[in-house]
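Letter by letter, the chains look like this.
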Amino acid sequence: MEETERMQPEKSWKSGPELGAMTESLAESSALALHQKIQSGERTAVSVLDETFEAIQKRDAVIGAFVSLNKEGAYQMAEAVDKAVAAGQSLPLLAGVPISIKNNISIQGNAVSCASKILAGYRAPFNATVVDKMAAAMMPIVGNTNLDEFAMGGSTENSALQLTKNPWNLDCVPGGSSGGSAAAVASGQTLLSLGSDTGGSVRQPASLCGLTGIKPTYGRVSRYGLVAFGSSLDQISPFARNTIDLAALLEVISGFDPADSTSARQPVPAFSKTVQDRANFSGLKIGVIQQLNGDGMQPAVAESFQHAIQHMQSDGAAVQSISIPSIDAAIAAYYLIATAEASSNLARFDGVRYGLRVEGEDINAMYCQTRAQGFGPEVKRRIMLGTFALSSGYYDAYYGKAQKVRALLRKQFEDAFQAVDVLVCPTSPATAFKIGEKSTDPVSMYLMDIATVPVNLVGVPAMNIPCGFDTSGLPIGLQLIAPHWQEEKLLQLAHCFEKLAAVPLNYPDSWERVKVNDSPMANA
Ligand code: GLN
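Chemist: Just checking my understanding: could you explain the overall build of the protein chain for this structure?
Modeler: Along its length, the protein chain carries 18 helices and 13 strands. Its C-alpha atoms give the protein chain a radius of gyration of 22 Å, near enough to 24 Å, the size a compact globule of 524 residues would have. Taking the principal axes of its C-alpha atoms as reference, the protein chain extends roughly 65 × 55 × 45 Å. The proportion of buried residues among the 524 residues of the protein chain is 63%.

Chemist: Looking at this structure, how should I read the site of the ligand?
Modeler: The environment of the ligand is formed by 14 residues, the closest being Thr198, Gly199, Ser201, Tyr334 and Arg382. Note that an oxygen atom of the ligand is positioned 2.7 Å from one of the side-chain N or O atoms of Arg382. Starting from 290 Å² of accessible surface for the ligand in isolation, the protein chains cover 99%.

Chemist: I'm lost on the pairing of strand E6 (residues 212-215) in this one. Help?
Modeler: In summary, the side chains of a regular strand alternate between the two faces of the sheet. Residue alternation in E6 divides its side chains into two sets, Thr212 and Ile214 and Gly213 and Lys215, and both sets are buried. Direction of pairing for E6 relative to strand E7 (residues 235-240): antiparallel, over a ladder of two bridges. Bridge assignment links Gly213 to a residue of E7, and that residue is Phe239. For E6 and strand E11 (residues 462-469), the ladder comprises three bridges, and the chain directions are antiparallel. Bridged to Lys215 within E11 is Ala462.

Chemist: Mind showing me how you'd approach the confidence of the model for the protein chain here?
Modeler: Interpretation of this model should avoid reading the predicted coordinates in detail wherever pLDDT is low. Looking at the protein chain as a whole, its pLDDT mean stands at 90, while 90% of the residues score no less than 70. When the criterion is pLDDT under 50, residues 1-25 qualifies, and its contacts beyond four places in sequence or with other chains add up to 53 contacts. The low-confidence segment residues 509-524, where pLDDT is below 50, has 34 contacts with residues more than four positions distant or belonging to other chains.

Chemist: What is the right way to read the sheet that holds strand E12 (residues 475-481) from this model?
Modeler: In a beta sheet, neighbouring strands pair by backbone hydrogen bonds and run either parallel or antiparallel. Strand order in the open sheet made by the 11 strands is E2-E4-E3-E5-E7-E6-E11-E12-E10-E8-E9, with mixed pairing throughout. The sheet is open, and its two borders are formed by strand E2 (66-69) and strand E9 (318-322), each paired with just one other strand. Direction aside, neighbouring strands of the sheet carry axes that sit 30° apart on average. Across the sheet, helix H15 (residues 396-419) touches strand E8 (285-289), E9, strand E10 (422-426) and E12, and the angle it forms with E10 is around 115°. The sheet contacts of helix H18 (residues 487-501) involve E6, E10, E11 and E12, and relative to E11 the element is tilted by about 10°.

Chemist: Even after reading the chapter, I still don't get the packing of aromatic side chains, so can you show me in this structure?
Modeler: Throughout the structure, instances matching the rule amount to 14 aromatic pairs. Between Tyr122 and Tyr354, the ring centres sit 5.3 Å apart and the planes meet at 70°, which makes this aromatic pair edge-to-face. With Tyr122 in the loop between strand E3 (99-102) and helix H6 (129-136) and Tyr354 in the loop between helix H12 (330-345) and helix H13 (363-374), this residue pair connects regions lying 232 residues apart in the sequence. Centroid distance Tyr395 to Tyr399: 5.2 Å. Interplanar angle 50°. Geometry classified as tilted. Among the aromatic side chains, those forming a connected cluster through ring pairs are Tyr122, Phe150, Phe349, Tyr354 and Phe375. Here the basic side chain of Lys71 rests over the ring of Phe53, its NZ or CZ set 5.4 Å away from the ring centre.

Chemist: What's the story with the side chain of Ser155 in this structure? I'm lost.
Modeler: Inspection of the secondary structure puts Ser155 in the loop between strand E4 (141-145) and helix H7 (179-186). On the accessibility criterion, Ser155 (1% relative accessible area) is buried. Those residues in contact with Ser155 that sit more than four places away from it in its chain are Asp148, Val173, Pro174, Gly175, Gly176, Phe433 and Met445.

Chemist: Would you mind showing me how to read unusual backbone geometry here?
Modeler: The phi angle of most residues is negative, glycine excepted, and most peptide bonds adopt the trans form. Looking along the chain, the bond that leaves Gly176 and enters Ser177 is cis, with omega of 10°. Considering the arrangement of structural elements, one finds Ser177 in the loop between E4 and H7. Even without being glycine, Ala115 reaches a positive phi, approximately 55°. Among the secondary structure elements, Ala115 is positioned in the loop between E3 and H6. Positive phi, normally seen in glycine, also occurs at Met138, with a value near 55°. Locating Met138 in the fold gives a position in the loop between H6 and E4.

Chemist: What is the right way to read the environment of Asn127 from this model?
Modeler: Considering the arrangement of structural elements, one finds Asn127 in the loop between E3 and H6. In the structure, Asn127 is positioned 229 residues away from Leu356 in sequence and 21 Å away in space, judged by C-alpha atoms. Setting aside chain neighbours within four positions, we find Asn127 in contact with Ser106, Ile107, Gln108, Asp132 and Tyr224. At 2.7 Å, the side chain of Asn127 forms a polar contact with the backbone nitrogen of Gln108.

Chemist: What should I look at first to understand the pattern of salt bridges in this one?
Modeler: Under the criterion given, the structure shown has 12 salt bridges. Across the pair Arg381 and Glu378 runs a salt bridge whose closest N-O atoms are separated by 2.7 Å. Of the two residues, Arg381 and Glu378 are both situated in helix H14 (residues 377-390); the distance of three residues between them amounts to about one turn of the helix. Looking at Arg381, the relative accessible area reads 36%, which means it is partly exposed. Among the charged side chains, a network of salt bridges with common partners joins Glu378, Arg381 and Arg382.

Chemist: Explain the packing of helix H9 (residues 243-253) against H18 here, please?
Modeler: In a pair of packed helices, the angle between the axes and the distance between the axes together describe the arrangement. Orientation of H9 relative to H18, taken along the N-to-C sense of each, is 160°, at an axis distance of 9 Å. Accordingly, the angle class assigned to the pair H9 and H18 is roughly antiparallel. The element H9 and its partner H18 pack so that their crossing is right-handed. Mapping the contact onto sequence places Thr243, Ile244, Leu246, Ala247 and Leu250 in H9 and Glu487, Leu491, Ala494, His495 and Glu498 in H18. Tallied by class, residues from the contact of H9 with H18 come to six nonpolar, two polar and two charged.

Scoring rules and cut-offs
- Residues numbered from 1 in each chain as written.
- Predicted model: local features only at pLDDT ≥ 70, side-chain atom pairs only at ≥ 80, totals over all residues.
- Heavy atoms only, no water.
- Helix = DSSP H or I, 4+ residues; strand = E, 2+ residues; numbered from the N terminus.
- Rg over C-alpha atoms; globule rule 2.2 N^0.38 Å.
- Buried < 20%, exposed > 50% of the residue type's maximum accessible area, 1.4 Å probe, protein only.
- Near = heavy atom within 4 Å.
- Polar contact = N/O pair within 3.5 Å; in protein donor to acceptor, adjacent residues only side chain to side chain.
- Areas by Shrake-Rupley, 256 points an atom, 1.4 Å probe, with all protein chains shown as cover.
- Pairing = 2+ DSSP bridges.
- pLDDT = per-residue confidence, 0-100.
- Contact = heavy atoms within 4.5 Å.
- Axes fitted to C-alpha atoms, helices over the stretch in contact; angles between N-to-C directions.
- Phe/Tyr/Trp six-rings, centres within 6.5 Å; stacked < 30°, edge-to-face > 60°.
- Lys NZ or Arg CZ within 6 Å of the ring centre and 35° of its normal.
- Salt bridge = Lys/Arg side-chain N within 4 Å of Asp/Glu carboxyl O.
- Parallel < 35°, antiparallel > 145°, perpendicular 65-115°, else oblique.
- Left-handed = near helix turned anticlockwise from the far one by under 90°.
- Nonpolar A, V, L, I, M, F, W, Y, C, P; charged D, E, K, R; others polar.

What follows is the structure in structure tokens.
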């Protein structure tokens, strides 16, 4: 009891309905409950959407989560949902629940900016597979969220479009690169969102914004229509405010896709049904990653992590320490592999095929000027690093070595999973930092990724679950990591933890300090 109290400093949390501006449907703590109300006819999907856009108009002027809205498409879908209900049809899972998506995921006819100047004017000629899946589930997509340019970063400050603020403390970053999606959910604008996770870009902002977020096994969710950053690492990944909603959203977007050659022929479990199947941690073996056990991390993070382990232990888990020695080389390996792949993937933005074109006296000058003016500093840094790592003479020393580290990591995780069911560590070594604090020091930003990048290098599924707060009331996250394809177990354990730790998944109180203005996007 005492521990639970320490995990929820009363002043930091307010329940949804206590927030003056919070509308009824958005104060719902559950997307599935909202879906049920729509199915039963208690609410119409159109009225839910009206409230969603009202909330976006009021709040996003302060938060800056959205870069564009998709009103027409969203209303068409909501009307179709209401018609289906009126006709007595039974709706697909999550039908009618508004969702936001990161602006590197394609919606046909909409701008896919990747928060970069180089894609100015580009509109997607096709839907991403996840967008088709959400359409089949009759989910209105309300708009596109901000990100670090081309998903490169950990704070969303690398966006060429706008700044996004952390709803818990408006002076802080929401994390990144899917910071717009995290901030949209944490500020009650949408209950669900999709991001992409190449090295932690969903788990880290989920941690910094007090949300649940899962990176699925590589190949579980189609990457078709996601603008590629590091193709061997990227996975579209969902955010929600609780594990049950997260399970439902993962179920909607998962599955084999012939349009993505790296998509796996794996059956999709009914995550939304099985997520509540496990009563407690008894009989489970939990491995604490020795290299990430809290040492050297922010004291509140280390303390909260220890509490989380105690909670699981007292609920029946057998806890042991597991060493994954190559984690010490994971950041170096990730920043070589991810940048190498990015340098190749971003070669297509040349002024001919997409978006921006800056004319020059010949074609080479046009290429150079387009790329010089179109890409921001972090993207340029990564293209140069990646091109260098791949260049002849250096390939073996850098890219080749990094691939060896990746193979070692994979082997070490496989061995670890012979001994334990899941691995645990803090998701981020520190809570949300101040805007501008790390923007001049890229390496200090890269170091924040220590606990998340090994997971992408290995390809296993992992998720963030809120586990406490620091002394300023900023959320702290716990990362759970499972073997390949074991998302079902991962979600069940996260759900058990959610019940155990009783961290209230409510909304931040920063709204009390916020003066709500009319959003510049009111007419978008
Ligand atoms: N922060 C990591 C990076 O900058 C992760 C990015 C991501 O997952 N998209 O590369």
